[in-house]
Amino acid sequence: MKLNILLFAGLAELWGTRLLQLDIERNPDLGPLTAAELKAILSRQYPDSAEAIANAYMAINQQYADDRAPIRENDEIALIPPVSGGEPEMTELTSQPIIPDEVTRKVLHPDHGAALTFTGTTREWTHGKRTVLLEYEAYEPMALRTLTQIADEIGGRWPGALCAITHRLGEVAIGEISVVIAVSAPHRQDVYEASRYAIERLKQIVPIWKKERWSDGSEWKGHQQGPWNPLSEPSTPSQGGDLP
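Predicted model only: the values in this text are computed from it and were never measured.

**Side note on the pattern of salt bridges**
Here is step 1: Within this structure, the stated rule accounts for 10 salt bridges.
Here is step 2: Residues Glu124 and Arg130 are paired through a salt bridge, measuring 2.6 Å at the closest nitrogen-oxygen approach.
Here is step 3: With relative accessibility at 29%, the residue Glu124 sits in the partly exposed group.

Okay, structure coming up:
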């Protein structure tokens, strides 16, 4: 069984190649080779890299694979080390267009059976007024800290859940994406609840403001969900206000 394994970042540097070619002898009666078995083979062949291999994820045909995933000879296989020094940046502020798939990838996990992505976009009409442009401003260090706080709260309320949030700053045109929230968890009910919790909590505590520009003026807007009190306790999903 001949396999080609793509390597990246530290693993490629460690082994001095970006393409590892293996020829594995395997009894067909044992069934397909699994991702866990392949990682074990690599660990035996490269014992000095065993820890790095254990911390890496296997991707098969450009999708993250759990340990039981079968591997076939013509599959595209990649061994992916942890990104960004071990953890992806789960919360982010950006002046660039947001790509939802990039945010979602941060929360994909082999042990999770559900992932949900909320995408907030700039709408043209609000309460009978026609918006031509939105402008977002943030107290950036505190906004990042409170976005991270929300992700941590979700992990505490729904054990094992992961949350990634990216929010746009600056000018955002009609129909463009202003915020993306991705949540994953072992079960789908948790991701529905956690996703709603995240957007409502964001509006409650994160210091991000938007200016609505109309053809005849503009106005800075708050969260528009009643009296604002960022020190109040977070509500449960069933108690929250309407989504934007």
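**Side note on the sheet that holds strand E4 (residues 57-60)**
Here is step 1: The 5 strands lie next to each other as E2-E1-E7-E4-E5, forming an open sheet whose pairing is mixed. Both edges of this open sheet fall to strand E2 (19-23) and strand E5 (63-65), since each of them pairs with a single strand only. Between one strand axis and the next, the sheet turns by 35° as a mean value, whatever way the strands run.
Here is step 2: Note: E4 against E5, 3 bridges, orientation antiparallel. Directly across from Ile60, in E5, lies its bridge partner Gln63.
Here is step 3: In the packing of helix H2 (residues 35-45) onto the sheet, contacts are made with strand E1 (2-7), E2, E4 and strand E7 (77-80), and the angle to E2 comes to roughly 100°.

**Observations regarding the sheet that holds strand E14 (residues 177-185)**
Here is step 1: The strand order across the open sheet formed by 4 strands is E8-E12-E14-E9, and the pairing between neighbours is mixed. The open sheet has two edge strands, strand E8 (91-94) and strand E9 (114-121), and neither has a second partner. Across this sheet, the average inter-strand angle for adjacent strands is 10°, counted without regard to direction.
Here is step 2: Bridge count between strand E12 (residues 162-168) and E14: 6 bridges; the pairing is antiparallel. Paired with Thr166 across the strands is Val180, a residue of E14.

**Section: the pairing of E7**
Here is step 1: By the bridge criterion, 3 bridges tie E1 to E7 in an arrangement that is parallel. Paired with Ile5 across the bridge in E7 is Ile77.
Here is step 2: Relative to E7, E4 runs antiparallel, the two sharing 4 bridges. Across the sheet, residue Tyr57 finds its bridge partner in E7, namely Ile80.

About the criteria used
Counting restarts for each chain: residues are numbered from 1 in the order of the written sequence. Local features in this predicted model are restricted to residues of pLDDT 70 or higher, and side-chain atom pairs are both shown and tallied only at a pLDDT of 80 or more, whereas totals for entire chains, interfaces and linings draw on every residue. Note that water and hydrogens are dropped before the side-chain values are worked out from all heavy atoms of the structure. Should a side-chain nitrogen of Lys or Arg be within 4 Å of a carboxyl oxygen of Asp or Glu, the pair is scored as a salt bridge. Partly exposed describes any residue whose relative accessible area lies between the buried limit of under 20% and the exposed limit of over 50%, with all areas from a 1.4 Å probe on protein chains only and scaled to the type maximum. One bridge is not enough; two strands pair if DSSP finds at least two bridges between them. Strands are runs of DSSP state E lasting at least two residues, helices are runs of H or I lasting at least four, and both sets are numbered from the N terminus onward. Throughout, an axis means a line fitted to C-alpha atoms (over the contacting stretch in the case of helices), and angles, computed between N-to-C directions, take values from 0 to 180 degrees. The criterion used for residue contact is that any of the two residues' heavy atoms lie within 4.5 Å.

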